[in-house]
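# Per-entry structural report
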Amino acid sequence: MTAELIINARNATGESPVWQAQENALYWVDIPAGRLHRWQLDGTISQWSADEMLGCIVRSPQGHWLGAQQTGIFQLTPQANGRLLAHKCASVEHARPDMRFNDGRCDRQGRFWTGTLHTGMGTDPVGKLYRYDPTVDAAVQPMQAQLEGLCVPNGLAFSPDGKTLYLSDSHPSVQLIWAFDYDIDSGTPYNRRVFVDMNQHPGRPDGAAVDAEGCYWICAIDAGQVLRFTPQGKLDRALDLPVKKPTMCTFGGPQLDTLFVTSIRPQHTDLSDQPLAGGVFALTPGVKGLPEPMARV
């Protein structure tokens, strides 16, 4: 299967692709640039800039975005001048300087889950997973107990029925994907267990998506692949990309049968063997995805 380049975005760290059906458009971010991108099926490309690094985005029913940035959760509204109008919804106190939010998405009930990392990629497990639910919480809530001890929380996804939460840690010293049972009423994960040991597969686990059959798709960063695992954790399929560092995938297109993949363009690196690094790609894997839930407000 050949991956199609849809835009040679040259993103430093392309992440958090979200398909917006009402616009026939794919949105995603370039984290260090603090930039929100949009590509529409007719080929129209737009972008907007924020004042902080932008780790991930989720859509709200009101038509704006919630973005997890460096200092907290923001309501983001694209403006005609190419800027993102930002209203801070919740702040966070990081464990140390030089931390930011990274991967995130909503559960099936609309709670916004997102994780933090130390930008220096140290081995200290200072990363945390947070839940933001403005209908219940006055602030973003760090999840304790079973969700401590993280370096680079990533790979957040939920099963089709919402009763399983998936989470990975991309750090080279970890490279694990876990599954949790998930209480959909309280928004609480429990019963943590190893779902996939990525030390036994090519690449490190980065961003992920779940398809309509309940299978888990994970970007294998450094290996240039997207891997599909069954709900039992068995490797089912490996799709190749023309770049080494895919970051996150999502299902989109009018039939939700296209797998979009963002990627990294490494700085100060010879890219002669991957000139399309930082681009956004599309694959047709033969299965459909699920609509991304919108955030509670």
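Residues numbered from 1 in each chain as written. Predicted model: local features only at pLDDT ≥ 70, side-chain atom pairs only at ≥ 80, totals over all residues. Heavy atoms only, no water.

Here we come to the sheet that holds strand 19 (residues 216-221). Taking strand neighbours across the sheet as the criterion, the 4 strands line up as 18-19-20-21 in an open arrangement whose pairing is antiparallel. Because the sheet does not close on itself, it has two edges, and the strands there are strand 18 (204-210) and strand 21 (235-240). Each adjacent strand pair in this sheet contributes to an overall mean axis angle of 25°, direction not counted. Sheet topology note: the strand 18/strand 19 ladder contains 5 bridges and is antiparallel. Across the sheet, Ala209 pairs through a bridge with Trp217, a residue of strand 19. (Pairing = 2+ DSSP bridges. Helix = DSSP H or I, 4+ residues; strand = E, 2+ residues; numbered from the N terminus. Axes fitted to C-alpha atoms, helices over the stretch in contact; angles between N-to-C directions.)

Enumeration over the complete set of coordinates arrives at 2 cavities of 30 Å³ or more. Approximately 100 Å³ is the volume attributed to the largest cavity. If you trace the largest cavity, you find 14 residues lining it, with Arg105, Arg108, Val210, Leu290 and Glu292 closest to the centre. The residue inventory of the lining of the largest cavity, partitioned by class, reads 9 nonpolar, 2 polar and 3 charged. When its volume is computed, the second largest cavity comes out at roughly 30 Å³. (1 Å grid on protein atoms, 1.4 Å probe; cavity = no way out; pocket = protein on both sides within 12 Å on 5 of 7 lines; lining within 4 Å. Points joined across faces, edges and corners; volume = space filled by probe spheres on them. Nonpolar A, V, L, I, M, F, W, Y, C, P; charged D, E, K, R; others polar.)

Take it as geometry only, folks, not as evidence of what the structure does.
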